[in-house]
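# Analysis of the macromolecular model
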Amino acid sequence: MYALVDVNNMYVSCERVFRPWLAGRPVVVLSNNDGACIARSNEAKDLGVRMAQPWFEVRHLERAAGLVALSANFELYGDMSNRMMSIAAGVAPRQEIYSIDECFLDFDGVPGDLVALGRDLRRRVLQWTGLPTSVGFGTTKTLAKLANHVAKAADRTPGQPYDAKLAQVCDLGTLPPGERAAVLAATAAGDVWGIGPKTSAKLAEAGVHTVLDLVQADAAMLGRRFNVVVERTVRELQGTPCLAIDDAPEGNQQLMCSRSFGQPVPDLPTLIEVVSQFTVTVARRLREQAAVAGALQVFLATSPYRRHDRQHAPGATLRLPRATSDTRELVSAAVRTLRGIHRDGHNYLKAGVMLTDLQPAGRAQGALDLFDTAPAGGPGSDHGPHDSHHSGHRGGNHDGKGGGNDGSHTSTPAAPAGAARLMQTLDALNERFGRQAVTVASAVRPAAAPSRHASRQERRSPRYTTRLDEIAVARA
DNA sequence: TCTGGGGTCCTAGGACCC
DNA sequence: TCTGGGGTCCTAGGACCC
């Protein structure tokens, strides 16, 4: 038996923990640029605010309906997520953390009344973190997801067939067949995990509208007519597990950092600064996973909403001469790629850097020398054939910016080990003194120049749980 | 008349999720 | 004035191989 545990309106609920007066009021959390609504309280949903709806389209509701908007505070949400996840991990043998606000639990081998266990878990998370959750049970992950959906619907608008007894914690398997069929018939096929807008439109053409239709369908036939994803989803709904719990994720396959800007940015120097900053961020996250990247992609985009601007959305992928997690190599590669795709005279409104072909640092070709001096490497690590340096690749210019950093790499294999130590030191310094403490020169704006691209974040709450100087204060 | 056949790897794009 | 930022998996088609 699986459970899906999910925080209701996660970001809004996190804000409400520390601002209890927001309870019962319509609240939205805005995206990085204060541009769009990325989380909504139930009250905001009732006002008609849609997911990802631009803020300027709904801001009139501030006065008209008391809508409260907050800038995203991901540091807070991440920390609250960790607390919820560790509580949930305590009640089941296995846990898969599926997203910042959801996890699957695998109760295989656990005896007793699981729904009662789910209610206990819900109560505990609420008491210990202040976050309201919903819990859905099922014999497959897709059924657990579906039960979770029903638990939320029954909580918000109880009534037939979403009876109040299904609210908050729900196991459709416990219902009499007739009631269960009524619930399935009242739930749209598009509400099922894995059935998106395109697929549900096509399903409707084939006469499949509700979850009951899906359950009664011939999975193999839908598989031929659509694809294997649909087939698996139908089988899971019918009770045949096709998806396993993944409680030991291997790390990401790609890492991306991208942003929309507060203002259009046409000029190359500013884009170099921005892309350098993104690369610094994504390189730090790469090292956190003890991984290296084999390729790097840079992209730019103008705004399709600025109708009168010339549109341009270029991108390019650079295969790295050898997989690396060295910020300097990655920034150098990113800036080179950026120069290749940038064209003058375009109002770029978005840029991004993506690292792909990620591999564990220890297994990567050429990584031997990264950790060569680390005694922890031990006999377990794969010290393959001697790394041959591709001389000529790494001595390259740094676009005239960095200045000679060493020059020793052509003669001594100790240089990469030194690079690894340098990155460790860089990460340690930034961990201690803040992320901007030490960075590459191209990511820093000359002191006199104003920053035009910075994201707006005018409504961010304090980082109550992760910054001592922003900690919540209680007054008598 | 008749134009091999089977395999792998890579990439771009689509669809979906939160 | 102002329109999110991450991820995953699958498929089709091209390049290449023997």
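In what follows, the accompanying structure is described. (Residues numbered from 1 in each chain as written. Chains lettered and ligands numbered in written order. Predicted model: local features only at pLDDT ≥ 70, side-chain atom pairs only at ≥ 80, totals over all residues. Heavy atoms only, no water.)

### Concerning the packing of helix H13 (residues 268-288) against helix H14 (residues 327-341)
What counts, and what does not: To get an axis, fit a line to the C-alpha atoms, keeping to the stretch in contact for a helix; angles then go from 0 to 180 degrees between the N-to-C directions. Here a strand is any run of E in DSSP of at least two residues, a helix any run of H or I of at least four, and the numbering for each starts at the N terminus. Each crossing is labelled by how the near helix is turned from the far one, with a counterclockwise turn of less than a right angle marking it left-handed and a clockwise turn marking it right-handed. By definition in these notes, contact holds between two residues if any of their heavy atoms fall within 4.5 Å. Amino acids are sorted into nonpolar (Ala, Val, Leu, Ile, Met, Phe, Trp, Tyr, Cys and Pro), charged (Asp, Glu, Lys and Arg) and polar (every other residue, Gly among them).
One way to put it is that H13 packs onto H14 with a least axis distance of 9 Å and a crossing angle of 145 degrees. Note on packing geometry: the crossing formed by H13 with H14 is right-handed. Residues Leu 268, Leu 271, Ile 272, Val 275, Ser 276, Thr 279, Val 280, Ala 283, Leu 286 and Arg 287 of H13 form the contact with H14, whose own contacting residues are Thr 327, Leu 330, Val 331, Ala 334, Val 335, Leu 338 and Arg 339. Per-class residue counts for the contact of H13 with H14 are 12 nonpolar, three polar and two charged.

### A closer look at the packing of helix H7 (residues 141-156) against helix H12 (residues 228-237)
Our working rule: By definition in this entry, angles of less than 35 degrees are roughly parallel, angles greater than 145 are roughly antiparallel, angles of 65 to 115 are roughly perpendicular, and the rest are oblique.
Where H7 meets H12, the closest approach of the two axes is 7 Å, and the angle between their N-to-C directions is 70 degrees. As the angle between them shows, H7 and H12 are arranged roughly perpendicular. Touching Lys 141, Thr 142, Leu 143 and Leu 146 of H7 are Thr 233, Glu 236 and Leu 237, all from H12. Per-class residue counts for the contact of H7 with H12 are three nonpolar, two polar and two charged.

### Quick look at the sheet that holds strand E2 (residues 27-30)
Spelled out, the test is: DSSP calls a pair of strands paired once it identifies at least 2 bridges connecting them.
With mixed pairing, the three strands of this open sheet are ordered in space as E3-E2-E4. This sheet does not close on itself; its edge strands, each paired only once, are strand E3 (37-40) and strand E4 (68-71). Averaged over all pairs of adjacent strands, the angle between strand axes in this sheet comes to 30 degrees, irrespective of strand direction. Here E2 runs beside E4; their pairing, made up of four bridges, is parallel. Paired with Val 28 across the bridge in E4 is Ala 69. Contacting E2, E3 and E4, helix H1 (residues 10-18) crosses the sheet at an angle of about 110 degrees to E2.

### Some thoughts on the environment of Gln 53
Selection rule: Note on exposure labels: buried denotes an accessible area under 20% of the residue type's maximum, exposed denotes more than 50%, and partly exposed covers the range between, all computed with a 1.4 Å probe on protein chains only. Polar contacts, as counted here, are pairs of nitrogen or oxygen atoms within 3.5 Å of one another; within protein the pair requires one atom able to donate a hydrogen and one able to accept it, and residues that are adjacent in sequence qualify only if both atoms are side-chain atoms.
Within the secondary structure, Gln 53 is located in the loop between helix H2 (42-46) and helix H3 (55-58). Among the residues examined, Gln 53 registers a relative accessible area of 8% and is labelled buried. Residues Gln 53 and Ala 185, spaced 132 residues apart in sequence, show a C-alpha to C-alpha distance of 30 Å. Side-chain polar atoms of Gln 53 contact the side chain of Glu 57, separated by 3.1 Å.

### Regarding helix H6 (residues 114-129)
Here is the rule: Under the convention used throughout, the expected extent of a helix is 1.5 Å for every residue step, that is, one less than its residue count. Note: the arc covers the axis-to-C-beta directions of the helix.
Between the first and last C-alpha of H6 there are 22 Å, a value that for 16 residues agrees with the 22 Å anticipated at 1.5 Å per step. Along H6, the residues that are buried comprise Leu 114, Gly 118, Leu 121, Arg 122, Val 125 and Thr 129. Here the buried residues of H6 occupy an arc of 100 degrees about the axis, which is enough to place them on one side. Structurally, H6 contributes buried residues whose contacts are with strand E1 (2-7), H1, helix H5 (74-89), strand E6 (102-106), strand E7 (133-138) and strand E8 (169-171). Measuring from the backbone nitrogen of Val 115 back to the side-chain oxygen at the start of H6 gives 3.1 Å, which picks out Asp 113 as the cap. At the C-terminal side of H6, Gly 130 shows a positive phi close to 85 degrees.

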